[in-house]
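Each chain, letter by letter, is given below.
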Amino acid sequence: MLDKETLAQVLGTHPFRYYDQIASTNDEAVAWLKDGAPEGAIVIADEQLRGRGRLGRIWHTPKGVALAVSIVLKPLPQQASHLSLLGAVAVAELCESLEIAQVGIKWPNDVQIGGKKVCGILPEAVWQEDKLLGVVLGIGVNVHVSFDETLAQTAINLADATPQVLSRAGLIGRLLEKVLYWRSFLGDSLLLQAWQARLTTLGQQVRVGDVVGLAREVDVQGALWIETPQGKRERVIAGDIEIQ
Ligand code: BTN
C-alpha cells in the first residue's frame, strides 16, 4: 500500500511530497527545487500519467505496481555527471539486499536482473543562468507490473526475482537511504568502483549510434571506450547501447 501515512511512517520527518497520480515526479521535483527544496527532498507517486524516460521516451508507471520517485540533490557541477551512476548503484544494492541474484548494470545506468531491465534512471540538471541549482534524480522501478509479451522479453519485476514480500513504501525508504549514502561518495573513486564492479557491458560487442565494436573500458567520467574492428578507440558519453 502506498499512501502518505504509510510513507510518513517510513520517512519520518524527511521532506517528501506524495501524489496518488501525477504527470511526472521529475517535473514536480524540478518545480520544488526551483522553489527551494532541500537536498534529499523526494517526490513520490503511485501512478504517473506522463512519466518521462531517456531520449524523450515515455516511461509507464501504472497505478499500484511500481516505484516512481525523484530525489533532489545539490552536487558540485563537476560531480553532476556521476549522479546517474549513483542511482544505478543504489538500485543495484537495493536488489542485492532483496536476495536477488544476477544483478548487473548495463552501461550507463540500466539496472538489470538476469539481463532484463528492472529500473530506469533519468537525472535532470536544473540551471539558473550559469548556476547549477541542483539535479533531480528520477528513478522508476518495476515491482509487479504486467508486461505484454514483447516487453516481458526485456523487462522484469523485483517481485519476480525475490522470495521476499515487498512493501513499496519500505522499498522507497531503503532506496532513499542508499542514494543518500552514496551521495556522500560523489566524486570519490569508491562510487565509480561500485558502479564498475557491476557493469556487465565490458568485454561485449556493442553498438552505440554509429559506433560498433568491443566495449573495452570506462573512464573516470563514466564514458565508455569502444574499440572498433579497425583498431580505433572511440569514446562514448551517452546513448542507447545495443549488445550485438
Ligand atoms: C529510462 O528511460 O530508462 C529512464 C526512465 C526514468 C523513469 C523515472 S520514473 C520517476 C521519474 N519521473 C519521470 O517522469 N521519469 C523518472
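Residues numbered from 1 in each chain as written. Predicted model: local features only at pLDDT ≥ 70, side-chain atom pairs only at ≥ 80, totals over all residues. Heavy atoms only, no water.

1. Comments concerning the site of the ligand
Next, step 1: Taken together, 19 residues lie around the ligand, and S24, Q48, R52, R54 and K117 are the ones closest in.
Next, step 2: S24 is positioned with one of its side-chain polar atoms (N or O) 2.8 Å from an oxygen atom of the ligand.
Next, step 3: K117 has a polar side-chain atom sitting 2.7 Å from an oxygen atom of the ligand.
Next, step 4: In the complex, the protein chains occlude 98% of the 420 Å² of accessible area that the ligand would expose alone.
Next, step 5: Of all the secondary-structure elements, those providing two or more residues to the shell around the ligand are α2 (25-34), β3 (66-73), β6 (116-128) and β7 (131-142).
Next, step 6: The element contributing the most residues to the shell around the ligand is β6, with four residues.
Next, step 7: Class assignment for the residues of the shell around the ligand results in six nonpolar, 10 polar and three charged. (Near = heavy atom within 4 Å. Polar contact = N/O pair within 3.5 Å; in protein donor to acceptor, adjacent residues only side chain to side chain. Areas by Shrake-Rupley, 256 points an atom, 1.4 Å probe, with all protein chains shown as cover. Helix = DSSP H or I, 4+ residues; strand = E, 2+ residues; numbered from the N terminus. Nonpolar A, V, L, I, M, F, W, Y, C, P; charged D, E, K, R; others polar.)

2. As for helix α6 (residues 189-198)
Next, step 1: The complete set of buried residues in α6 reads L191, L192, A194, W195 and R198. Burial along α6 is one-sided: seen end-on, the buried residues are contained in an arc of 160°.
Next, step 2: Buried-residue contacts for α6 involve α3 (83-97), β4 (103-106), α5 (168-183) and β9 (211-218).
Next, step 3: A side-chain oxygen of the first residue of α6 lies 2.8 Å from the backbone nitrogen of L190; this N-cap is D188. (Buried < 20%, exposed > 50% of the residue type's maximum accessible area, 1.4 Å probe, protein only. Arc of directions from axis to C-beta. Contact = heavy atoms within 4.5 Å.)

3. What to know about the pairing of strand β8 (residues 205-208)
Two faces make up the sheet, and in a regular strand the side chains alternate between them.
Next, step 1: Burial along β8 is one-sided: the face carrying V206 and V208 is buried and the face carrying Q205 and R207 is not.
Next, step 2: Two elements, β8 and β9, share four bridges in a ladder whose sense is antiparallel. Bridge pairing links V208 to V211 in β9.
Next, step 3: Of the strand pairs in this sheet, β8 and strand β12 (residues 241-243) are connected by three bridges, and their pairing is antiparallel. Residue pairing across strands places V206 opposite I243, the latter belonging to β12. (Pairing = 2+ DSSP bridges.)

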